[in-house]
2 protein chains.
Amino acid sequence: METSSRLRLPFLLLLLPMLLFFLFSSWNPFSGGGGESAGRRSQFPPKSLTSKKFSHSAQTSATPRHPIDPLTVGEIHRVRSILSSYEPFLGQFPAIQSMTIDEPDKSRVLGWQSGDPLPPRKAFVIGLLDNQSHLVTIDLESGRVETHEISSGSGYPMLTMEDVAAAVDAAVSYPGLEVSAAARGLSVANLSCISPSPGWFGPEEEGKRLLKVLCYSKQGTPNFYMRPLEGLVMTVDVDRREVIKFSDTGRGIPIPGGANTDYRFHPGNDPPEMNPINPISMEQPQGPSFTVTDGHLVEWANWEFHLKADQRAGFIVSRVVVRDSETGDRRSVMYKGFPSELFVPYMDVDEAWYFKSYMDAGEFGMGATAMPLVPLNDCPRNAHYMDGVFVSADGRPFIQPNMICLFERYAGDSAWRHTELTVSAGGEKEARAKVTLVARMASSVGNYDYTIDWEFQTDGLIKITVALSGMLMVKATVHDNMNQIENQEETGPMVSENVIGVVHDHFITFHLDMDVDGPNNTFVKVNLVKEENLEGKTPRKSYLKPVRHVAKTEEDARVKLSLYNPSEFHVVNPSRRSRLGNPSGYKVVPEANAASLLDHSDPPQLRSAFTNNQVKKVIWVTPYNRSEQWAGGLLTYQSHGDDTLDVWSHRNREIEDKDVVLWYTLGFHHVPCQEDFPIMPTVAASFQLKPVNFFDRNPILRAHPVFEKDLPVCRPSESASAM
Amino acid sequence: METSSRLRLPFLLLLLPMLLFFLFSSWNPFSGGGGESAGRRSQFPPKSLTSKKFSHSAQTSATPRHPIDPLTVGEIHRVRSILSSYEPFLGQFPAIQSMTIDEPDKSRVLGWQSGDPLPPRKAFVIGLLDNQSHLVTIDLESGRVETHEISSGSGYPMLTMEDVAAAVDAAVSYPGLEVSAAARGLSVANLSCISPSPGWFGPEEEGKRLLKVLCYSKQGTPNFYMRPLEGLVMTVDVDRREVIKFSDTGRGIPIPGGANTDYRFHPGNDPPEMNPINPISMEQPQGPSFTVTDGHLVEWANWEFHLKADQRAGFIVSRVVVRDSETGDRRSVMYKGFPSELFVPYMDVDEAWYFKSYMDAGEFGMGATAMPLVPLNDCPRNAHYMDGVFVSADGRPFIQPNMICLFERYAGDSAWRHTELTVSAGGEKEARAKVTLVARMASSVGNYDYTIDWEFQTDGLIKITVALSGMLMVKATVHDNMNQIENQEETGPMVSENVIGVVHDHFITFHLDMDVDGPNNTFVKVNLVKEENLEGKTPRKSYLKPVRHVAKTEEDARVKLSLYNPSEFHVVNPSRRSRLGNPSGYKVVPEANAASLLDHSDPPQLRSAFTNNQVKKVIWVTPYNRSEQWAGGLLTYQSHGDDTLDVWSHRNREIEDKDVVLWYTLGFHHVPCQEDFPIMPTVAASFQLKPVNFFDRNPILRAHPVFEKDLPVCRPSESASAM
């Protein structure tokens, strides 16, 4: 265990749970039903929450009710106890890099749904011992280890907080650092050091787990990220707790100043030149319309789904079911969906930068890095909060409080509308307000913040949004004005004096195990193909025709459209037909543009020759395989890419009328600008899963309009009135 | 003037104002200040509005205060009076196809902003006489016609309601229609007929203004669009009021049934299988934070802009100015922005379908077809409403009430966030709620509804969204199940029994006259170029580099990226530099995806080979030209495409450091599905205008968080509590 002096060097990532050890005198266990106990950062549930009618789910003492429920606090203790008496680990207890419910095979989960008994609860543990990854499954009932495998693949498991602390500790104890700090007029105590992952760049890095350590001046600002000690990078052997490489090429580069970098609220520090905005709030005085049963089963309007926090994925949405608007039948849409990997390459090849090509889910964990959401600012007032129950490196549980919020949204938009002059005297003016349900989490993977939303609409659409905020990863430079720089392109965009915002990308790959009306589905590309009007009975020359192409194999489903070949991407159930004989389906819809494909000589196109847009996509479809969950591989850390979606998919398996998984990647290029300094305004992108001939007709045709008489009666708060 | 019996055949488009004549005993003038008067559909301002603290703008009696204010009711009367005594029109008064303020040259508007007197008010009138389009400008002060030109181009002006009524009238009086109706067991009185534009398909259509007329059964449903008399199409010479071609090839095709097509709310017609949603509302009991001065000048937070209804564009946003967060300076962002054209080609070459390739703005008018918004359902409770003052074919004004709504939105999202474990004990948890201002209108261009939003964010971003709803344009078929159809692809998607939803596209082209810190701007493509790490000091092989390319000419600015060449599209002011020397700019941001461009053999890409997305765009940039407002040409109707953005741009003018206009097209492909029947759930797409080195830093860094104490105090309404 580390000493508290080391904690003055907070690391961006997994230090959160570790800090709890120190700040709150280690685990503060409490007894619950079934003898369960867990550490809890008791001050975190914000005060405003305690007065809410709809308080957050008490998950710490829950008994699992659903086969895919996460391990409870009690179960985590039990796993640890089983492992402690497991013979191979008697001498040495492995570092627990991961411990999760070992979800039963889909068939067993579906069988349970149809009345079978709850399948046996099992845990899947990844332990690290002597530089080897032990993959262990444990039957919780029998208390027995069922399988135990030592990985022979290239990667290591997700980091733990101890790994990170060890690396930072080794780095700050390294004599060279003091020299480098002193050369910049600082002592080590003035530094905040972070430990990004090293990627993998060749055989010389084999056989040891590495972390890079970078340091920043924390003088004068909480936003140390803006004050790098440029050119200073240490490579640490995590397990040997040793700096194996020290490089400092940046002593001539000043540390950027800390002025104007503090992003915290300071009363009296007036907001910018702006007329104040009167208080505005999403109000629902009768409370939310959803229920959360047994801590995980969400029911709202026509939707049901299972929602659980996950240390690696952030949260997982499972068994998504929608009630049919005509029949009332509960119909499956998706078995499981979650962000499977998050790839963030930076665009700088310098010694202190080239390795920055993070795979945040597999290396650090989107759940492990999710801190509590900020009520009223991250989520609206009518939000309900849920905790995550996670596992520390010593195998003990800890609580990530208020990690997920769930709320109904009314953003002022309509779900459908039409106005018409008809036979009736006043004309028809019909519109329906759109209310949705949002499940949200936010991971602070070091400097960057990723907010992930799953939004459910009553018309059957699911919209998945990733929003980026937080801090840039910046590079210091000797220049404080662009006019001093000869080759501006090579240097990168200057976002503040002596600060370059390094260009980077974000790619979030979602695992979407679609089960449209059952597991066996088919992926259909509906290609919009330009046809010539060859018969020529009318003067129109061309038109678009949707041509269905059933993907037989994985290769066939790897979508990479060319400029003028737009498509829709359907996952259909060929055995389930609509009233009209259309296969029941959902399509994945990129937030996108589209191209006019008419012939250039076609009169309509001639007259609108200014219309021309296009979009392309890459989508992958694989057959369901319980072991293929993580696009970057189960053991991602320092892996060579030998266990990725790309590799699996090259087997080119058959996928027609099979249980298939859809993979969708949402990407962002980020060329920073001054507005991103010192904290970035949120940027968001989305994609949708949308019913297509799933319902026999518009499922919200008969939705009620909103009437004034039903809306809340509100008055300003006394505090606001007094303003 | 038509007789009321003809009105049983409502037309989808411009019949609205005409109906007013009949339903409300013609114009019901009232006297206002300055002797102004206008017709007004007095029952339209919905009751709920009358009790609102913030009622809608009374524009009917406004005096123009800003050089670009639309013509007032009084000015419209004055123009009509001037034209009535204008010699060339003494014998025959032209049909007024369009009458708008003739906006002064930009320099004069900007001069006025700097203290010059209000430029003279002028009107621009397009009148139609003897098949000729007269373009007339009138000085309102002197009462003189200043210019008068007869168009020699190919197109005609926007239709008027009289044009439409005449065409429908001619069609329903045509004997062949009665025969066709009888052959289907109907009388003409059972029909609703609509009159879509004919497009232009060759020289045989020269010399006369045409409308197509299609008929539907209105029996048993207000949603007649779902009950076409397939194969029946009449071509009408509008000016001669004569059917010149009658075609009915569909007598063997049944008229689809009307069951389940009524979209109106009927109490007791229970909503679909769905748990009820408790009332939810955006509440702002202290009222909105924006002001609307002189009917048009909107001020909110750090924004100021001029907003006016327009018969052709719907609404126009002008003189968009943002206050600088550091200095308080008012800084120009955009001179003028509006939807310039809306191209909607349908994908069927049959005789009754091939011509459907609408250009809704230039043919029908997005404002002319905008009916009143539906409070609480189209716009939230806290919305403020504005009217449109438009002109009828006889040159008289009429009011389009509640045509625009303006509201502040809080959708539960954050404007920025970061959580961090820092040196302070509790960690940092900072987030700021995002509140925006939305200006909205909705056009019902016949069957389709287009909702257009301009959303202003305090961080300087403007998001423009087009949302589609309303009815499909459908084709009847003999089949009532897909399994009866041999060639399903040729037939198109079946959306109900005997109903095919014909595939179509929508392309909305926006005119965006950017004036970033002044008129003279430069368009810069910031290309993200893949570079090899040739020096090879580190093992990284590739990276992205933003390479700035200044567009010198229009040709140079016509953006059409290839698959792996993403770019940003900046409009910068080369003379205005940020504190750091970056040019002040805004970029247009497609809602988009992005592609990883790393080398496939680069280790980071090797490990994340599953990431691959891309987007492309077409953008046009032209030099500012007062006459180039309408992408499809000033006179669009039946035009040959000889006066479009495409044509203008082929002059390849210089655009560097000039007053430039950016054109952006938002496109949709629509392959209908059963969920679109009988009314379509809303589909939306957006693009953004985003500051890039415009502000010296994040302009909302010092925004206040939301505190519980400031939020409204709400209780359920008595009605809701009693439920």
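Residue indices follow the written sequence of each chain, beginning from 1 at its first position. As they are written, the chains are lettered A onward and the ligands numbered 1 onward, keeping that order. Local features in this predicted model are restricted to residues of pLDDT 70 or higher, and side-chain atom pairs are both shown and tallied only at a pLDDT of 80 or more, whereas totals for entire chains, interfaces and linings draw on every residue. Hydrogen atoms and water are omitted, and side-chain values are computed over all heavy atoms in the structure.

Chain A is annotated in an unreviewed UniProt entry as Amine oxidase of Linum tenue. According to its UniProt record, chain A has this under Sequence similarities (unreviewed entry): "Belongs to the copper/topaquinone oxidase family." UniProt positions are given in the numbering used here, feature names are shortened, and annotations may be inferred rather than shown by experiment.

Asks: Describe the relation of the copies chain A and chain B, listing the residues and the values that go with them.
Replies: When the copies are overlaid, the least-squares fit takes in C-alpha atoms only where the residue has pLDDT of at least 70 in both copies. Mapping chain A onto chain B is achieved by rotating through 180° and translating by 0.0 Å along the same axis, at an RMSD of 0.0 Å. On this basis, the relationship between the two copies can be described by a two-fold rotation axis. Scanning chain A for the C-alpha nearest the rotation axis identifies Cys-714 of chain A, at a separation of 2.0 Å. By definition, residues are in contact when any of their heavy atoms lie within 4.5 Å. Comparing interface residues between copies, 100% of those in chain A also lie at the interface in chain B; the contact surface is shared.

Asks: Tell me about helix H3 (residues 73–84) of chain B, and name the residues and values.
Replies: Each full turn of the α-helix corresponds to 3.6 residues, which orients residues three or four apart in the same direction. Think of it this way: any DSSP run of H or I at least four residues long counts as a helix, any run of E at least two long counts as a strand, and we number them from the N terminus. Helix span, as expected, comes to 1.5 Å for every residue beyond the first. An ideal rise of 1.5 Å per residue puts 16 Å on twelve residues; H3 of chain B measures up with 17 Å between its terminal C-alpha atoms. Buried within H3 of chain B are the following residues: Val-73, Glu-75, Ile-76, Val-79, Ile-82 and Leu-83 of chain B. Each residue is placed in one exposure class: buried if its accessible area under a 1.4 Å probe, protein chains only, is under 20% of its type's maximum, exposed if it is over 50%, and partly exposed if it falls in between.

Asks: How would you sum up the sheet that holds strand S8 (residues 242–248) of chain B? Please name residues and give values.
Replies: Residues and elements named next belong to chain B. Two strands pair if DSSP finds at least two bridges between them. Judged by pairing direction, the sheet is antiparallel, and its four strands sit side by side in the order S5-S6-S7-S8 without closing on themselves. A strand with exactly one partner marks an edge of an open sheet, and here the two such strands are strand S5 (191–194) and S8. Across the sheet, the axes of successive neighbouring strands diverge by a mean angle of 25°, strand direction being ignored. Between the N-to-C directions of two axes lies an angle of 0 to 180 degrees, each axis being a line fitted to C-alpha atoms and, for a helix, fitted only over the stretch in contact. Sitting on the sheet, helix H5 (residues 161–172) is in contact with S5, strand S6 (210–217), strand S7 (232–237) and S8, with an inclination near 60° to S6. On the sheet, helix H6 (residues 175–183) packs against S5, S6, S7 and S8 and is oriented at approximately 25° with respect to S8.

Asks: Pulling in residues and values, what's your account of the pairing of strand S29 (residues 583–590) of chain A?
Replies: Residue and element names in this part refer to chain A. For S29, a buried count of eight out of eight residues is recorded, marking the element as mostly surrounded by other parts of the structure. Side-chain alternation along S29 places Pro-583, Gly-585, Lys-587 and Val-589 on one buried face and Ser-584, Tyr-586, Val-588 and Pro-590 on a second face that is also buried. Where strand S28 (residues 567–577) hands over to S29, the hairpin turn is made up of five residues, of which Gly-581 adopts a positive phi near 95°. As paired strands, S29 and strand S33 (residues 680–692) are joined by six bridges and run antiparallel to one another. Residue pairing across strands places Val-589 opposite Gln-688, the latter belonging to S33.

Asks: Report on the environment of Ala-189 of chain A, specifying residues and quantitative values.
Replies: All names here are of chain A. Here Ala-189 lies in the loop between helix H6 (175–183) and strand S5 (191–194). Take Ala-189: its relative accessible area is 45%, and that puts it in the partly exposed class. A C-alpha to C-alpha distance of 16 Å links Ala-189 and Leu-232, two positions 43 residues apart in sequence.

Asks: So what about the interface of chain A and chain B? Which residues, and what values?
Replies: Listed as interface residues are 234 residues of chain A and, on the opposing side, 234 residues of chain B. Simply put, the buried area is the total loss of 1.4 Å probe accessible area from both parts when two parts are fitted together. Each partner contributes to the roughly 20800 Å² buried at the junction of chain A and chain B, and carbon and sulfur atoms together form 56% of this total. Any Lys or Arg side-chain nitrogen found within 4 Å of a carboxyl oxygen on Asp or Glu counts as a salt bridge. Remark: the boundary between chain A and chain B carries 16 salt bridges. Among the ionic pairs, Arg-409 of chain A bridges to Asp-413 of chain B, the shortest N-O distance being 3.0 Å. Within 3.5 Å is the distance limit for a polar contact, defined as a pair of N or O atoms, with the added protein rule that one can donate a hydrogen and the other accept it, and that residues adjacent in sequence qualify only through two side-chain atoms. Summed over the shared surface of chain A and chain B, the number is 96 residue pairs in polar contact (both at pLDDT 80 or more). Per element, the largest residue contribution to the side of chain A that touches chain B is 14 residues, and it comes from strand S17 (residues 397–420) of chain A. Throughout this entry, Asp, Glu, Lys and Arg are counted as charged residues, while Ala, Val, Leu, Ile, Met, Phe, Trp, Tyr, Cys and Pro are counted as nonpolar. The remaining residues, Gly among them, count as polar. Looking at side-chain class alone, the side of chain A that touches chain B contains 113 nonpolar, 65 polar and 56 charged residues. Relative to strand S9 (residues 281–283) of chain B, strand S9 (residues 281–283) of chain A runs antiparallel, the two being bridged by three bridges. Bridged to Met-282 of chain A within S9 of chain B is Met-282 of chain B.

Asks: Tell me what's going on with the UniProt feature "domain: Copper amine oxidase N3-terminal" (unreviewed entry) in chain A, and back it up with residues and numbers.
Replies: UniProt marks residues 157–256 of chain A with the feature "domain: Copper amine oxidase N3-terminal" (unreviewed entry), using the numbering shown here. Secondary structure across residues 157–256 of chain A divides into 21% helix and 25% strand, with the first and last C-alpha atoms of the span separated by 35 Å.

Asks: Please give an account of the sheet that holds strand S3 (residues 132–139) of chain A that cites residues and values.
Replies: The pairing of strands in a sheet happens through backbone hydrogen bonds and is either parallel or antiparallel. Residue and element names in this part refer to chain A. Pairing within the open sheet is antiparallel, and its four strands lie in the order S1-S2-S3-S4. The outermost strands of the open sheet, each flanked by one partner alone, are strand S1 (95–101) and strand S4 (144–150). When the angles between neighbouring strand axes are averaged without regard to direction, this sheet yields 20°. Relative to S3, strand S2 (residues 122–129) runs antiparallel, the two sharing eight bridges. Residue pairing across strands places Leu-128 opposite Ser-133, the latter belonging to S3.

Asks: Please give an account of unusual backbone geometry that cites residues and values.
Replies: With an omega of 0°, the peptide bond between Phe-677 of chain A and Pro-678 of chain A qualifies as cis. Within the element layout of this structure, Pro-678 of chain A appears in the loop between strand S32 (658–670) and S33. Although it is not a glycine, Asp-657 of chain B sits at a positive phi angle of roughly 50°.

Asks: So what about the confidence of the model for chain A? Which residues, and what values?
Replies: All names here are of chain A. A residue's pLDDT is the predictor's confidence in that residue, given on a scale from 0 to 100. For chain A, mean pLDDT is 87; residues scoring 70 or higher make up 85% of the total. For the stretch residues 1–61, pLDDT sits under 50, and the model shows 172 contacts to residues farther than four places along the chain or on other chains. Scored below 50 in pLDDT, residues 610–617 makes 57 contacts in the model with residues more than four places away or belonging to other chains.

Asks: Let's hear about the packing of aromatic side chains: which residues, and what values?
Replies: Any two rings among Phe, Tyr and Trp, with Trp reduced to its six-membered ring, count as a pair given centres within 6.5 Å; such a pair is stacked if its planes are under 30 degrees apart, edge-to-face if over 60, and tilted if neither. Under the counting rule described, the total for this entry stands at 44 aromatic pairs over all chains. With a centroid separation of 5.0 Å and 75° between ring planes, the pair formed by Phe-201 of chain A and Tyr-354 of chain A is classed as edge-to-face. Of this pair, Phe-201 of chain A sits in the loop between S5 and strand S6 (210–217) while Tyr-354 of chain A is found in the loop between strand S14 (330–345) and strand S15 (357–359), placing the two residues 153 residues apart along the sequence. On the basis of relative accessible area, Tyr-354 of chain A is assigned to the buried category, the value being 4%. Each ring, one from Trp-648 of chain A and one from Trp-663 of chain A, has its centre 5.9 Å from the other, and the planes form 55°; the classification is tilted. Linking Trp-648 of chain A in helix H11 (residues 645–649) with Trp-663 of chain A in strand S32, this pair joins segments that are 15 residues apart in sequence. Pair check on accessibility: Trp-648 of chain A and Trp-663 of chain A agree, each one buried. Charge-over-ring contacts are defined here by two conditions on Lys NZ or Arg CZ: a distance within 6 Å of the ring centre and an angle within 35 degrees of the ring normal. Sitting over the ring of Trp-353 of chain A, Lys-356 of chain A keeps its end group 3.3 Å from the ring centre. Positioned above the aromatic ring of Phe-694 of chain B, the side-chain terminus of Arg-331 of chain B is 3.8 Å from the ring centre.

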